[in-house]
Amino acid sequence: MAVLLSVSALRKSFGARVLFENLSLSLSEGDRTGLIGPNGSGKTTLLEILAGHEAPDAGTRALRKLTRLAYVPQDSVFGPTDTVGSVLHSALDGGLFDEHEKTALVETMLGRAGFESADEAASALSGGWKKRLAIAAALVTVPDVLLLDEPTNHLDLEGILWLERTLLTVNACLVVTHDRYFLENVATQMAEINPAYPESKFQVSGNYSEFLERREEFFEAQAKQQESLATKVRREVEWLRRGPKARTGKSRARIDTAGRLIEELAAVTARGRTATAKIDFTASDRKTKRLVEAEGIGKSFGTRSLFRNLNLTLSPGVRIGLVGANGSGKTTLLQILKGDLEPDEGTVRRAEVLRIVSFAQDRGTHLDPDLSLRRTLCPEGDMVLYRDRPTHVMGWAKRFLFREEQLELPVSRLSGGERARVMIARLMIETADILLLDEPTNDLDIPTLEVLEESLLDFPGALVLVSHDRYLLDRVSTVVLGLDGGEGGVFADYSQWERSRNEPAPEIGAGKEARLPLPEAAPKKKLSYIEQREFDSMEARILEAEEELAVRQHDMQEVASDPERVGDAYQSLQDAQRRVEKLYERWAELESKVPK
């Protein structure tokens with residue numbers, strides 16, 4: 001396949017901080033590349049360089065002649081007079097299309113993207129439909145290469161499925177996203193930019209699952225390399241300490257070799273250091289069975305019903321995943337549960353002195369953009385009180401992967417993922433009976449997402465979660481509540497809700513018990529994405545290890561009478577035996593986490 005877009009030996013830094021160096025990447029016809037990496041690793045900057053909007057400090061960018069390229073940034077802004085139709089028409093300006101072709105392309109795209117009217121004001125669209133419009137404006141140009149930065153942010157689940165289907169028809173695309181199911185379904189190539197890798201990047205042909213397997217193999221090989229280098233360095237350091245008496249050419253060469261080994265070990269060790277945010281919400285450990293009880297509630301805007309005759313009970317251990325199309329009332333229901341909004345019908349009863357902690361989708365209304373990171377995390381003094389223990393603001397900031405030099409930066413200078421971590425840091429110091437989280441995953445990198453999942457699974461109180469992240473919903477929720485403009489439906493998980501959308505909705509509400517069940521005991525943790533992949537392959541790995549053990553036992557018998565070889569054979573036998581035992585221990589550990 002012909003290469004359409006490539007970059008070679010890129011280097012980019014901000015001040016003294018190097019984002020990446022010696023990075024190379026190419027996009028060929030038919031490639032659907034998923035790009036991941038920690039927040040702040042330079043994913044958006046790399047997209048800007050690929051799009052030609054920013055220059056690297058070093059390196060080259062090459063776009064094949066006559067190749068049409070479209071780029072959808074993370075945040076799309078539309079003017080007050082823009083309409084859906086005018087945005088699509090403007091995207092075609094400067095191209096090779098005549099007016100008749102433009103009109104035909106716009107009308108076709110309106111239908112493909114699901115817009116009902118070209119005259120609808122772009123500023124009046126919800127966040128999800130604005131994102132859809134930005135993607136449609138890129139697609140209408142019929143690009144050869146499409147670059148997308150966090151395209152699933154703000155899209156509802158139907159919008160994500162639309163995007164998945166659409167990208168299967170694109171000639172070539174590169175997508176920065178943290179949506180693991182999306183990467184699983186769409187990607188034919190996976191790349192991660194991270195200082196943990198030589199040349200700042202690790203790339204694999206295949207989807208997200210295949211990437212995880214290859215990455216695990218890479219880290220295992222790197223750990224072995226580090227161990228081997230450490231042994232060589234110890235031997236050379238001992239030799240250097242003895243001090244060779246004659247500075248012969250041979251000894252000088254060995255000194256040089258020792259120096260190179262030390263530098264190589266330092267580089268491998270530095271790459272192996274990774275950090276993740278430490279997220280742990282503060283629960284009140286309240287034992288009240290009914291924290292919030294909503295009975296027969298309904299809400300409408302004008303003539304449009306969001307939901308009606310809805311019943312639910314929030315109790316410790318209940319984790320509700322709230323799903324539905326954009327505009328179905330998910331955020332409105334959170335506001336009603338919190339008490340910020342009254343239902344049009346029905347009643348809501350709350351336990352006395354109830355402590356509710358909420359995460360709002362619109363972070364801009366909750367963070368002062370002009371306030372420094374220091375004062376946002378710690379409004380007064382230099383100490384943060386977490387679980388009745390004072391923590392210095394610098395230590396608190398480091399817990400969420402902020403560097404010391406960022407403390408005096410205004411919040412407006414932080415990335416979307418960094419602002420999300422600021423919000424989580426503020427929530428963690430509040431004691432909660434109930435967590436109400438509205439799209440908390442937007443802009444978070446995958447390592448932080450995994451830590452957030454673990455924290456939510458450990459939270460003993462009640463949780464209501466609105467998220468477009470299907471994997472997070474499947475893993476964290478004990479039950480899924482689907483809003484559809486009526487009485488809604490209760491489902492075991494997201495997958496069941498998705499299957500039900502083409503079937504009649506289950507009847508709940510009038511005359512029926514529609515309360516979400518009270519948990520009899522704290523539900524077991526589910527396996528993480530990586531753990532599930534590991535569990536699925538464990539039987540084959542144990543079989544392979546047992547075959548290796550049998551070979552080593554045979555070798556031991558063969559050399560039993562050879563004193564020069566028996567030592568090495570015995571060591572190999574012991575290593576093989578330990579590997580089998582560790583695999584069985586790990587299998588039992590994973591099996592204990594599988595819900596029965």
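Let us look at the packing of helix α2 (residues 84-91) against helix α3 (residues 99-113). A pair of packed helices is captured by two measures, namely the crossing angle of their axes and the spacing between those axes. Axis separation between α2 and α3 bottoms out at 10 Å; the angle between their running directions is 130°. Accordingly, the angle class assigned to the pair α2 and α3 is oblique. In the crossing of α2 with α3, the sense of the turn from one axis to the other is right-handed. Residues Val84, Leu88 and His89 of α2 pack against Lys102, Thr103, Val106, Met109 and Leu110 of α3. Its residues assigned to classes, the contact of α2 with α3 comprises five nonpolar, two polar and one charged.

Another aspect to go through is the sheet that holds strand β14 (residues 345-350). A sheet is described by the order of its strands in space; here three strands give the open sequence β12-β11-β14, paired in antiparallel fashion. Each edge of the open sheet carries a strand with a single partner, namely β12 (304-314) and β14. Neighbour to neighbour, the strand axes of the sheet diverge by 25° on average, direction disregarded. Pairing analysis gives five bridges linking strand β11 (residues 292-301) to β14, with the strands arranged antiparallel. In the strand pairing of β14, Glu293 is matched with Arg349.

This part covers the pattern of salt bridges. Counted under the stated rule, the structure contains 28 salt bridges. With a closest N to O distance of 3.9 Å, Arg355 and Asp433 form a salt bridge. Taken together, the positions of Arg355 in the loop between β14 and β15 (356-359) and Asp433 in the loop between β18 (431-432) and β19 (434-438) put the pair 78 residues apart, joining distant regions of the chain. Residue classification places Asp433 among the buried residues on the basis of a relative accessible area of 2%. In this structure, Asp575 engages Arg578 in a salt bridge whose closest nitrogen and oxygen atoms are separated by 2.5 Å. Highlighted residues: Asp575 and Arg578, both in helix α17 (residues 563-592), separated by three residues, approximately one helical turn. With a relative accessible area of 39%, Asp575 lands in the partly exposed category. In this structure Arg578 comes out as partly exposed when scored by relative accessible area, which is 38%. One salt-bridge network, held together by shared partners, links Arg180, Glu453, Glu454, Asp469 and Arg475.

Attention now goes to the packing of aromatic side chains. Summed over all chains, the structure comprises nine aromatic pairs. Between Phe115 and Trp129 the ring centres are 5.1 Å apart and the planes differ by 65°, which places this aromatic pair in the edge-to-face class. Of this pair, Phe115 sits in the loop between α3 and α4 (127-139) while Trp129 sits in helix α4, and the two are 14 residues apart along the sequence. Look at Phe115 and you get buried, because its relative accessible area is 8%.

Glancing now at the pairing of strand β1 (residues 3-14). Across nine bridges, the pairing between β1 and strand β2 (residues 17-28) is antiparallel. If you follow Leu5 over to β2, its bridge partner there is Leu27. Following β1, the chain reverses through two residues before pairing antiparallel with β2; Gly15 in that reversal takes a positive phi of roughly 65°. Where β1 lies against strand β4 (residues 58-63), five bridges are found, and the strand directions are antiparallel. Along β4, the bridge assignment pairs Val7 with Arg61.

This paragraph deals with helix α1 (residues 43-51). Burial within α1 is extensive, with seven of its nine residues counted as buried. Listing the buried residues of α1 in full gives Lys43, Thr45, Leu46, Leu47, Ile49, Leu50 and Ala51. In the stretch just after α1, Gly52 is the one whose phi turns positive, near 85°.

Parameters at a glance
- Residues numbered from 1 in each chain as written.
- Predicted model: local features only at pLDDT ≥ 70, side-chain atom pairs only at ≥ 80, totals over all residues.
- Heavy atoms only, no water.
- Axes fitted to C-alpha atoms, helices over the stretch in contact; angles between N-to-C directions.
- Helix = DSSP H or I, 4+ residues; strand = E, 2+ residues; numbered from the N terminus.
- Parallel < 35°, antiparallel > 145°, perpendicular 65-115°, else oblique.
- Left-handed = near helix turned anticlockwise from the far one by under 90°.
- Contact = heavy atoms within 4.5 Å.
- Nonpolar A, V, L, I, M, F, W, Y, C, P; charged D, E, K, R; others polar.
- Pairing = 2+ DSSP bridges.
- Salt bridge = Lys/Arg side-chain N within 4 Å of Asp/Glu carboxyl O.
- Buried < 20%, exposed > 50% of the residue type's maximum accessible area, 1.4 Å probe, protein only.
- Phe/Tyr/Trp six-rings, centres within 6.5 Å; stacked < 30°, edge-to-face > 60°.

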